[in-house]
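In case you want the letters, here they are:
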Amino acid sequence: MKHEPAIQIDNVTKQFKDKKAVDRLSLTIEKGSVTALLGPNGAGKTTTVSMILGLMKPTSGTVKLLGGDPHDRAVRSRIGAMLQDTSVIDDLKVGETIDLFRSYYSRPLPLERLLAISGLGAERGKLAASLSGGQQRRLGFALAAAGDPEVLFLDEPTVGMDVTARALFWDTVRAMAGKGKTVLMTTHYLEEADQIADRAAVISQGRLIADGTPSSIKASATGRSISFTAGEALTRDMLLVVPGVADIDWKGSRVRLYSTDTDRLIGVLLERKIPMRDIEIQSGGLEEAFQNLLKKAQ
Amino acid sequence: MSQTYRATWAQCRAEMLRTIRNRRFVFFSILMPAAFFFIFTGTMDGGGIHNWAAYYLMSMTSYGVVGASLVTFSQRVSKERAQGWIRLLRMTPLPSGAYVLSKAAAQGAINIGLILVLFLTGGLSKSIDLPASVWIEAGLWIWAGGFAFMALGMLLGTMRNSDVVQVLATILYMSLSIVGGLWMPTSAMPQIMQTIAKFTPTYRMGQGPWALIGGQPVDWSGIGVLAVYMILFMVVSAYIMKKQEAV
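Residues numbered from 1 in each chain as written. Chains lettered and ligands numbered in written order. Predicted model: local features only at pLDDT ≥ 70, side-chain atom pairs only at ≥ 80, totals over all residues.

Asker: Explain the interface of chain A and chain B here, please?
Answerer: Opposite the 24 residues of chain A that make contact, chain B presents 23 residues. Those elements that place two or more of their residues in the side of chain A that touches chain B are α2 (73–76), β5 (79–82) and α3 (94–102) of chain A. The biggest single contributor to the side of chain A that touches chain B is α3(A), with three residues. Of the residues in the side of chain A that touches chain B, the class split is 12 nonpolar, five polar and seven charged. (Contact = placed C-beta atoms within 7 Å. Helix = DSSP H or I, 4+ residues; strand = E, 2+ residues; numbered from the N terminus. Nonpolar A, V, L, I, M, F, W, Y, C, P; charged D, E, K, R; others polar.)

Set out below in structure tokens:
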């Protein structure tokens, strides 16, 4: 069988009336990978996913899903998606809703299994509309998985889920990825992306600003910082001239300096007698790397 | 192919379940028409209309079918659109035609049950004696007319704000039923109202059954008018849906 990527986005732009949501984005996602699309709200993640799924038309550029057109029924029978802002269907029970979705596919997963992976076994006979927000998200996941899809789309999947539900959810996604399924998710819970994804693509203002393993992104960004409470005499200008400061973040009296070499920077700060108290040195997680990437991109 | 068939059938069954569980449906399409029937046949003599109880049973059965198609149906379509359900379905292998088709088929099946329930309730309680052929033909007429109102419900359902849809559908439902003579016979109306009534699909819904009961020749153009309404509503709502999808 010819090697073909699961998703291929080539130079895609999506222009809305007053805003360019996606700007010349190119991205290839290999089969069997778990990719996180990261970015702040309004970065263009959901628009990108909508175009891959064929729910929106790109203004220019091409999108291929499993080598074909997402409107093609043969392609749609091989994918599953959990969208944002999707409610449940009225007047149907949980088990009935899942069974309805199972009927759309030729080789669906068994109902029992879908109830188990969504943790809704006890809610099977309840009306779907009576579920809590987090439970409704889990039902959405069961529906996305109903057809045993090759490519699974998860758009901000864990919003509204509690800690236990989230853990079960990621265990399941990890197990699916282990079976060779391709997963594309959007999230702003960066620590989750760090744990689950083997690739992170960072999008800001519709553009790809970083792409690599979560750890390589962490490393490439200025991930270390020094924070302290500023003395009264301290001004922003005093800090700007200090060599080795990549960026300054000032919240109230708390200051955070980003640097590639915090060991040297702390020496310089002390040498210059910068007024500071309660000093902390942090090595950044993906969260901070991400914030830095966004700052760099602006 | 059999997969599409299986999916459409499952979709149909789910739609029927949902309709029967819907309280608004039970209220507007069964309880309200039945109550009106007993009130108006009990307190009025129909002003010389031949076989008043049968006449009014036809009016109220039509009223119930119109309510099912217009009020419950339209609001459900609108809600599904607003809540992203239709978007989700568009990513499944279910053909989009199967969604509309199964909705119409399910409502069609529900309407048969509705007509039977109201005919039986009214017929037995008031000992209405009509030839079997009249029962069947009148029932079929009302059933077929129901599809025009489903198309109107589908059109209303293209609006995303389901609260607006609910209000608008209820206003349309009541005003069309009154103007079309389902509440009060058009013969009791002033001449000008009688002329206006002829343009309403609700009047056309009752027209066939009323003629059958009165032993008059049936004017088949009534079904023609209903068909024209149905096609008109379908074309407009298909046009709107196409526009909404092209983002």
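Now that the structure has been shown, the text picks up again.
Asker: Got a minute to help me understand helix α7 (residues 162–179) of chain B in this structure?
Answerer: Residues spaced three or four apart along an α-helix point in a common direction, a consequence of the helix completing one turn every 3.6 residues. Residue and element names in this part refer to chain B. The end-to-end C-alpha distance of α7 is 25 Å, a good match for the 26 Å that 18 residues give at a rise of 1.5 Å each. Taken as a whole, α7 has its buried residues at Ser162, Val165, Ala169, Tyr173, Leu176 and Ser177. Along the axis of α7, the buried positions cluster into a sector of 95°, meaning they face one direction only. Those residues of α7 that are exposed and angled more than 90 degrees off the buried face are Asp163, Val164, Val167, Ile171 and Ser175. (Expected span 1.5 Å × (residues − 1). Buried ≥ 20, exposed ≤ 12 C-beta atoms within 10 Å, placed from the backbone. Arc of directions from axis to C-beta.)

Asker: How should I be thinking about the sheet that holds strand β12 (residues 254–259) of chain A in this particular structure?
Answerer: All names here are of chain A. Pairing within the open sheet is antiparallel, and its four strands lie in the order β11-β12-β10-β13. Either end of the sheet is taken by a strand with one partner, and the two such strands are β11 (247–251) and β13 (276–283). Sheet twist, expressed as the mean angle between neighbouring strand axes with direction ignored, is 20°. Where β11 and β12 come together, five bridges link them in antiparallel fashion. Opposite Asp247, over in β12, you have Tyr258 as the bridge partner. Sitting on the sheet, helix α10 (residues 262–271) touches β10 (224–230), β12 and β13, and the angle it makes with β10 is about 25°. (Pairing = 2+ DSSP bridges. Axes fitted to C-alpha atoms, helices over the stretch in contact; angles between N-to-C directions.)

Asker: I'm lost on α3(A) in this one. Help?
Answerer: In terms of residue burial, α3(A) counts as a mostly covered element, since eight of its nine residues are buried. Within the sequence span of α3(A), burial applies to Val94(A), Gly95(A), Glu96(A), Thr97(A), Ile98(A), Leu100(A), Phe101(A) and Arg102(A). Of the surrounding secondary structure, the elements contacted by the buried residues of α3(A) are α4 (111–117) and α5 (133–145) of chain A together with α1 (2–21) of chain B.

Asker: Is there a simple way to explain unusual backbone geometry in this structure?
Answerer: With the exception of glycine, the majority of residues adopt a negative phi angle, and the majority of peptide bonds are in the trans configuration. Positive phi is not limited to glycine here, since Leu66(A) has a value of about 50°. Relative to the assigned elements, Leu66(A) resides in the loop between β4 (60–65) and α2. One non-glycine residue, Ser127(B), adopts positive backbone phi at about 45°. Here Ser127(B) lies in the loop between α5 (96–125) and α6 (132–157). Assessed through the 7 C-beta atoms surrounding it within 10 Å, Ser127(B) is described here as exposed.

Geometry only, nothing functional implied.
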